[in-house]
Amino acid sequence: MIQASLNGGRTAQDHPRVPLTPQQLAADARLVRAAGASSVHLHPRDDRGTESLDAVVVSASVGAVRRACPGLEISVSTGLWMYDGDAAARERAVAAWAAAEHRPDVVSLNLSEPGFDRLARVLGTLGVGVEAGVWSLADAVRLLESPVAGTCRRILVELIGLPTEQALAEADAVLRRLAEAQLAAPVLLHGEDGCAWPVLDRALDLRLETRIGLEDTLTDPDGHDVEGNAALVRHAVERLARRTRAD
């Protein structure tokens, strides 16, 4: 499974094709699905372009993508930075999704942020799955100690802000610890910026789920600027196809 990470915290200043509005997200979702993605991950924006978990904002973005791409899995970020570290405020915002017309299928929820267990339970009542964001070996340990570990839809092993060799070593350590625990949830492995493509290749070699998109990198495997999310997904699909042919 290749997930397309459509925007993250990026803006048009980072790349002119970063999708921000519901209409732009829907259009990009069509393109990445055609390129081979089976899931999209997005950060909804309000009218000012600010990341938001407000029920109306989330419903608008999710609804637009769902209408454009029925059946495509939609993941939304719940990064605590959106609420300046206030876990209770974030929880209230997500709980309000109960009245929303459209909710995501899954959300990323980071172990490194406070409130993981409580928000995971709220999401469970809403029928929204959790992608447990594991950024380090310490996060993996926190996940395995969590009472909701067994209910996670996916484990999202994310290597952020690390040089390539360190990222790959950290990935190997985290994956070994998770394998020992034998959790049922699939693992999605990805990196960001300079280590994005080497970590994606490691995920493909290990036959893990992975992701790519403008949130994670603005360049192709050779370091050249890319046209947009669909181009990144096509590169990932081509790399997967080469490995499949080799097998």
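Residues numbered from 1 in each chain as written. Predicted model: local features only at pLDDT ≥ 70, side-chain atom pairs only at ≥ 80, totals over all residues. Heavy atoms only, no water.

Colleague: Quick rundown of the side chain of S77? Include the residues and the values.
Modeller: Along the chain, the position of S77 falls in strand 3 (residues 73-77). A polar contact of 3.1 Å, which involves the side chain of S77, links it to the backbone nitrogen of G79. If sequence neighbours within four positions are ignored, S77 has contacts with H41, L42, H43, L53, M82 and S108. (Helix = DSSP H or I, 4+ residues; strand = E, 2+ residues; numbered from the N terminus. Polar contact = N/O pair within 3.5 Å; in protein donor to acceptor, adjacent residues only side chain to side chain. Contact = heavy atoms within 4.5 Å.)

Colleague: Describe in detail the packing of helix 1 (residues 22-35) against helix 2 (residues 55-68), supporting the description with residues and values.
Modeller: Viewed as axis vectors pointing N to C, helix 1 and helix 2 meet at an angle of 35 degrees, and their least axial separation amounts to 8 Å. Helix-helix and strand crossings are classified by hand; for helix 1 and helix 2 the assignment is right-handed. Contacts between helix 1 and helix 2 pair P22, L25, A26, A29 and R30 from the former with A60, S61, A64, V65 and A68 from the latter. Classifying every residue of the contact of helix 1 with helix 2 by side-chain character gives eight nonpolar, one polar and one charged. (Axes fitted to C-alpha atoms, helices over the stretch in contact; angles between N-to-C directions. Left-handed = near helix turned anticlockwise from the far one by under 90°. Nonpolar A, V, L, I, M, F, W, Y, C, P; charged D, E, K, R; others polar.)

Colleague: Hey, could you go over unusual backbone geometry for me, with residue numbers and the actual values?
Modeller: Phi at D84 takes a positive value of approximately 50 degrees, unusual for a residue other than glycine. Note that D84 resides in the loop between strand 3 and helix 3 (87-95). D84 sits in the exposed class, given a relative accessible area of 75%. Positive phi, close to 55 degrees, is recorded for Q182, a residue that is not glycine. Summarising the element assignment, Q182 is placed in the loop between helix 6 (164-181) and strand 7 (187-191). What makes Q182 exposed here is its relative accessible area of 70%. (Buried < 20%, exposed > 50% of the residue type's maximum accessible area, 1.4 Å probe, protein only.)

Just distances and angles here, no functional claims.
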